[in-house]
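Overview (structure and organization)
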Amino acid sequence: DAEITQSPRHKITETGRQVTLACHQTWNHNNMFWYRQDLGHGLRLIHYSYGVQDTNKGEVSDGYSVSRSNTEDLPLTLESAASSQTSVYFCASSETPSLSRPYEQYFGPGTRLTVT
Amino acid sequence: ELKVEQNPLFLSMQEGKNYTIYCNYSTTSDRLYWYRQDPGKSLESLFVLLSNGAVKQEGRLMASLDTKARLSTLHITAAVHDLSATYFCAADPYTGTASKLTFGTGTRLQVTL
């Protein structure tokens, strides 16, 4: 069965370190997204990609970067981790929608990141 | 900038009762999504609402969309404990490319016996 996976599931890191969170999907979806979830804020979009070599900034992109070298993976990098980046991170993917066919996003299991 | 507001933020209800969760969004959005999240888990898609007047039902949950009022509702009929979860709505101002969702803050539903 197709799925979307994230690793690691839990990560503790120190302020200032570079951290990369992995996201891998086997749906063959062109579109991939990274969100962070914090109490009182719901989910907020960090970065997204519509295909290989395409990346775009979302609502809260400062301090984060992504790269898309193949269809299956969209790793999220925290360049220099800060305590404000302690959060739960979700990766999602979707097919390309059309005017008459919306496609929901499928979410990964999440990564809980703690920056000390 | 698209903003999505849900209310209430927290809802405690007894089994067997009915209630409605409201989702307002600030700018034109052609489509609206509802997701469910259990504690410590990922998000599960419940409904995708595409057009004005759209209504979808699954079990005890019914979702509707009024694009003119910029309002979607999630109605719970005869609540049961298994419905306890956090429910999110997300608006999508579809512009011809992939859906870029803006989420509400979520409604935490607690169904008590």
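Owing to the predicted nature of the structure, the values given are computational and were not obtained by experimental measurement.

Right, let's talk about the interface of chain A and chain B for a bit. By a widespread convention, an interface's size corresponds to the accessible area lost as its parts come together. Tallying the contact residues gives 24 residues for chain A and 20 residues for chain B. For the pair chain A and chain B, the two sides together bury roughly 1900 Å², of which 60% comes from carbon and sulfur. The interface formed by chain A and chain B contains four residue pairs in polar contact (both at pLDDT 80 or more). Every element with two or more residues in the side of chain A that touches chain B is listed here: strand E4 (31-38) and strand E5 (42-51) of chain A. The greatest single-element share of the side of chain A that touches chain B, amounting to five residues, is contributed by E5(A). In terms of residue class, the side of chain A that touches chain B is made up of 13 nonpolar, nine polar and two charged.

Residues and elements named next belong to chain A. Evaluation of the coordinates by the stated rule reveals 12 aromatic pairs over all chains. Ring geometry for Trp27 against Tyr106: centres 4.7 Å apart, planes inclined by 15°, an arrangement best described as stacked. Placement of Trp27 in the loop between strand E3 (19-25) and E4 and of Tyr106 in strand E10 (residues 106-107) is noted, with a sequence separation of 79 residues between them. Look at Trp27 and you get partly exposed, because its relative accessible area is 33%. Looking at Tyr106, the relative accessible area reads 33%, which means it is partly exposed. Note on Tyr48 and Tyr50: the rings are 5.3 Å apart at their centroids and 50° apart in plane angle, and the pair reads as tilted. Since its relative accessible area comes to 25%, Tyr50 is described here as partly exposed.

Take the sheet that holds strand E1 (residues 4-7) of chain B next. Residue and element names in this part refer to chain B. Taken in spatial order, the five strands of this open sheet run E1-E3-E8-E7-E6, and their pairing is antiparallel. With partners counted over all chains shown, the strands left at the sheet margins are E1 and strand E6 (55-58), one partner each. Neighbour-to-neighbour, the strand axes of the sheet open up by a mean angle of 15°, direction not taken into account.

Attention now moves to the sheet that holds strand E8 (residues 76-78) of chain A. All names here are of chain A. Strand order in the open sheet formed by four strands is E1-E3-E8-E7, and the pairing between neighbours is antiparallel. Of all the strands in the sheet, just strand E1 (4-7) and strand E7 (64-66) have a single pairing partner and so form its edges. On average, adjacent strands in this sheet sit at an angle of 20° to one another, irrespective of strand direction. In the sheet, E3 pairs with E8 via three bridges, with the strands oriented antiparallel.

Attention shifts here to the environment of Arg36(B). All names here are of chain B. Mapped onto the elements, Arg36 comes out in strand E4 (residues 31-37). Once residues lying within four places of it in the same chain are set aside, the contact partners of Arg36 are Ser42, Leu43, Glu44, Leu46, Asp82, Leu83, Ser84, Ala85, Thr86 and Tyr87. Among the polar contacts listed, one links the side chain of Arg36 to the backbone oxygen of Asp82, at a separation of 2.8 Å.

What follows is about the nonpolar core. In terms of nonpolar packing, the biggest core is built from 25 residues, with Leu32(B), Trp34(B), Leu74(B), Ile76(B), Tyr87(B) and Leu109(B) touching the most fellow members. Of all elements in the fold, only strand E2 (10-14), strand E3 (19-25), E4, strand E5 (43-49), strand E7 (61-66), strand E8 (71-76), strand E9 (85-92) and strand E11 (107-112) of chain B reach the threshold of two or more residues within this core. Residue contributions to this core peak at four residues, all from E9(B). Apart from residues lying up to four places away in sequence, Leu74(B) is in contact with Tyr19(B), Thr20(B), Ile21(B), Trp34(B), Phe47(B), Leu61(B), Met62(B), Ala63(B) and Tyr87(B). Core analysis: the second largest hydrophobic core is formed by 18 residues, Cys23(A), Trp34(A), Leu76(A) and Tyr89(A) among them.

All names here are of chain B. Summarising the sheet, E6 and E7 pair through four bridges and their orientation is antiparallel. Within E7, the position partnered with Val55 by the bridge is Ser64. Following E6, the chain reverses through two residues before pairing antiparallel with E7; Gly59 in that reversal takes a positive phi of roughly 65°.

A word on the environment of Leu113(A). Residues and elements named next belong to chain A. Tracing the sequence through the fold places Leu113 in strand E11 (residues 111-115). Classification of Leu113 by relative accessible area gives buried; the value is 1%. Residues in contact with Leu113, not counting those within four places in the same chain, are Lys11, Thr13, Val19, Leu78, Gln85, Thr86, Ser87 and Tyr89.

Analysis parameters
- Residues numbered from 1 in each chain as written.
- Chains lettered and ligands numbered in written order.
- Predicted model: local features only at pLDDT ≥ 70, side-chain atom pairs only at ≥ 80, totals over all residues.
- Heavy atoms only, no water.
- Contact = heavy atoms within 4.5 Å.
- Buried area = accessible area lost by both parts, 1.4 Å probe.
- Polar contact = N/O pair within 3.5 Å; in protein donor to acceptor, adjacent residues only side chain to side chain.
- Helix = DSSP H or I, 4+ residues; strand = E, 2+ residues; numbered from the N terminus.
- Nonpolar A, V, L, I, M, F, W, Y, C, P; charged D, E, K, R; others polar.
- Phe/Tyr/Trp six-rings, centres within 6.5 Å; stacked < 30°, edge-to-face > 60°.
- Buried < 20%, exposed > 50% of the residue type's maximum accessible area, 1.4 Å probe, protein only.
- Pairing = 2+ DSSP bridges.
- Axes fitted to C-alpha atoms, helices over the stretch in contact; angles between N-to-C directions.
- Core = buried A, V, L, I, M, F, W, Y, C linked by side-chain atoms within 4.5 Å.

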